[in-house]
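# Architecture at a glance
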Amino acid sequence: LDLQARGAEGVRPAGEGRSSPLRASGGLGSPRPASGGEDYAELSSAAAYHTDELIDLCDKLNEKAEDLTRSAEGVPAAGSGRGGGASPAGGGRPGTPESRGKIRDISNSGGGSPRLCHHDLPCSPGYLAEPKRSPKAGSRGGSPRRTPPSSPSRVKSTAARSLRHSLAKATGYGSQDISRGFVCRQAFKDTHPVRCLGFCRGADFLALGCNRDKALRVFQPSKGSEGALEEIFNRRRHHDGSIYCLEWRRRNNQFLIVTGSNDHQVKLLTTFDFRGDSTATLCGHNGTVRDLSLSESGGLLASGGGGDNGIRLWDVETQRRVGELFSHAGAVTGLCFMGGQEHAYYAADSTGALVGWDSRSEEPTGRFSGLRSEKVGVSSLAAKGNHLAVGYADGCFQVLDPRRPGPPLFEKFVHSLECRSLDFSPDGSWLLSTSFDCMAHVVLVRDGSLVCSSRGHDDKVVQGEWDPSRVRFATCGVDGTVQMHEPRQPLGSLPADLLL
């Protein structure tokens, strides 16, 4: 507003000592010349110039906010005492990377210290990685350089704690705004269906179970060029049949990848760096292994499927079978250990039964019945914390609390075909569901409200899973593609390449 007022009065704004290519050509809204248009480098430098003006304005607003903060707390304003005084905690000196581009919300109806809002987060991080030094800082005759706060009580003030909390929260799940939906891009394409996928917790790796060559393939998304996946491991004929399920962990400085197939086998692949590996084959099933799950520590494995409809328990270290259960009337279609539990797990089958088990005994610890009015088979199962998600063959899915017997917390009818997979976000706030209707939906766990939907496949979606390292999820399907779904950015955001 100050820049606009001075521009209307014919006064040159601060920092306008150099000429602006945009102003010389009439601004961003001016028509391009017929003889080729503006040069891209000139447009980039002009965008950076105007960004400098905005940052200068933010610096002035920060100084004003700090003065008001000091006056409210009874501290002399900056520059009123000798040496200019120390800057308030959490505010930072203008011109430093911690404070440039931040605007503090100083409105406070409660009368306490100023509250911080979402404007405290840095704007244009690509440009602010190399901030422009303020003309006042270090120049003769200007305001003295402000020293970092030296008082421990000042550093531990409410404003500093609030700022650190807001910045820490912005790096994880729960703080990302996904209400605009997701942008879907193809990360992998094969000629045969991709039946399963899985991210590794603690490492930026993605594993795929591919029908072509019955291969187990591992990719590193962060190193892929232009969003593609870079393959770092490919084991052809890993199984004699299609790989139906996959789960892996990083334990004891090793990567453990467990797969199940319709060749009736479970395989454990162990490797340090994917240059050499050892594979163990676990035999005992007489039907397709539909699902498997590792305990919290990764020392116990549960697998189940068709044939005899049995559940097998395996010791991962000795690779021996330590238990069997034959209590389900239909094929076991879902298995999952409860969060933080080493022995408690749940199993569901194609008849709609959902039973809780303890690996140390053969007696059920809980049984859910009458979850649906009609007899519908369970097709997927997921657990996180104290929540249990159940997907059905008719497209419905429910969220239960195993501690409270009774009706489910909520149920959703957003799919028209079988709900094939369910997965909770790492923080447990969102639930991802994928279906044979080619759709993926994200709902809030606390109330079941639909947040957004995404479609990126031309055929059935077999599995979807959240990336534990960043806010996004991947899906695979019968069309042979792997799609990455990333949150859609605000429409008004500038491209990063214009700010370089």
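Position numbers for residues count from 1 along each chain, tracking the sequence in the order it is written. Per-residue local features of the predicted model are confined to residues with pLDDT of at least 70, and side-chain atom pairs are confined, for both listing and counting, to 80 or more; whole-chain, interface and lining totals are unaffected and use all residues. Here the side-chain values reflect all heavy atoms present in the structure, with hydrogen atoms and water set aside.

## Considerations on the pairing of strand β19 (residues 387-392)
Burial classes: relative accessible area under 20% of the type maximum marks a residue as buried, over 50% as exposed, and values in between as partly exposed (1.4 Å probe, protein chains only). By definition, any uninterrupted DSSP run of H or I lasting at least four residues is a helix, any uninterrupted run of E lasting at least two residues is a strand, and each is numbered from the N terminus. Counted residue by residue, β19 has five buried out of six residues, so it is predominantly covered. One ladder, built from six bridges, connects strand β18 (residues 378-384) with β19; its direction is antiparallel. Counterpart to A383 in the pairing with β19 is L388. Both β19 and strand β20 (residues 397-400) contribute to a ladder of four bridges, which runs antiparallel. Bridge pairing links L388 to L400 in β20. Counting the residues in the hairpin turn of β19 and β20 gives four residues, including G395, whose phi is positive at 100 degrees. Pairing between two strands requires that DSSP report at least two bridges joining them.

## Some points on the side chain of D423
Mapped onto the fold, D423 is located in strand β22 (residues 419-424). Only four residue types enter the charge count: Lys and Arg as positive, Asp and Glu as negative, with His and the chain ends excluded. One speaks of a salt bridge when a side-chain nitrogen belonging to Lys or Arg is within 4 Å of a carboxyl oxygen belonging to Asp or Glu. The side chain of D423 sits in the buried core without any salt bridge; K384 is the nearest counter-charge, 8.1 Å away. Distance and chemistry together define a polar contact, namely a pair of N or O atoms within 3.5 Å, with one atom able to donate a hydrogen and the other to accept it when in protein, and with adjacent residues in sequence counting only for side-chain atoms on both sides. A distance of 2.9 Å separates a polar atom in the side chain of D423 from the backbone nitrogen of W466.

## Examining the pattern of salt bridges
The final tally for this structure, using the stated rule, is 19 salt bridges. For E247, the salt bridge is made with R249, and the minimal N-O distance between the two is 3.5 Å. Since its relative accessible area comes to 11%, R249 is described here as buried. We note a salt bridge from R360 to D358, for which the minimum N-O separation is 3.0 Å. One salt-bridge network, in which partners are shared between bridges, spans R185, D204, D467, R470, R472 and E486.

## Digging into the sheet that holds strand β3 (residues 206-210)
The strand order across the open sheet built from four strands is β2-β3-β4-β5, with neighbouring strands paired in antiparallel fashion. Of all the strands in the sheet, the pair left with one neighbour each is β2 (194-199) and β5 (230-235). Here the strands of the sheet are splayed against their neighbours by 20 degrees on average, with no regard to which way each runs. Bridge analysis of β3 against strand β4 (residues 216-220) gives four bridges, and the strand direction is antiparallel. When the sheet's bridge partners are listed, A207 is paired in β4 with V218. In this description, a line fitted to the C-alpha atoms serves as the axis of each element, helices being fitted only across the stretch in contact, and the angle between N-to-C directions of two axes falls anywhere from 0 to 180 degrees.

## Describing the packing of aromatic side chains
Any Phe, Tyr or Trp ring, taking Trp's six-membered ring, that has another such ring centre within 6.5 Å forms a pair; planes under 30 degrees apart are called stacked, those over 60 apart edge-to-face, and the others tilted. This model, assessed by the stated rule, comprises 14 aromatic pairs. Ring geometry for F205 against F274: centres 5.5 Å apart, planes inclined by 85 degrees, an arrangement best described as edge-to-face. In this pair, F205 is assigned in the loop between β2 and β3 and F274 in the loop between β8 (265-271) and β9 (277-283), connecting sequence segments 69 residues apart. Each member of the pair, F205 as well as F274, is classed as buried. Measuring from centroid to centroid gives 5.7 Å for F233 and F274, while their planes differ by 50 degrees, and the two rings are tilted.

## A short note on the sheet that holds strand β7 (residues 254-261)
The strand order β6-β7-β8-β9 describes an open sheet built from four strands, whose pairing is antiparallel. The sheet is open, and its two borders are formed by β6 (243-251) and β9, each paired with just one other strand. Ignoring which end each strand starts from, the neighbouring axes of this sheet average 15 degrees apart. Pairing analysis gives six bridges linking β7 to β8, with the strands arranged antiparallel. Residue pairing for β8: G260 is matched across the bridge by V266.

Structural measurements only, silent on function.
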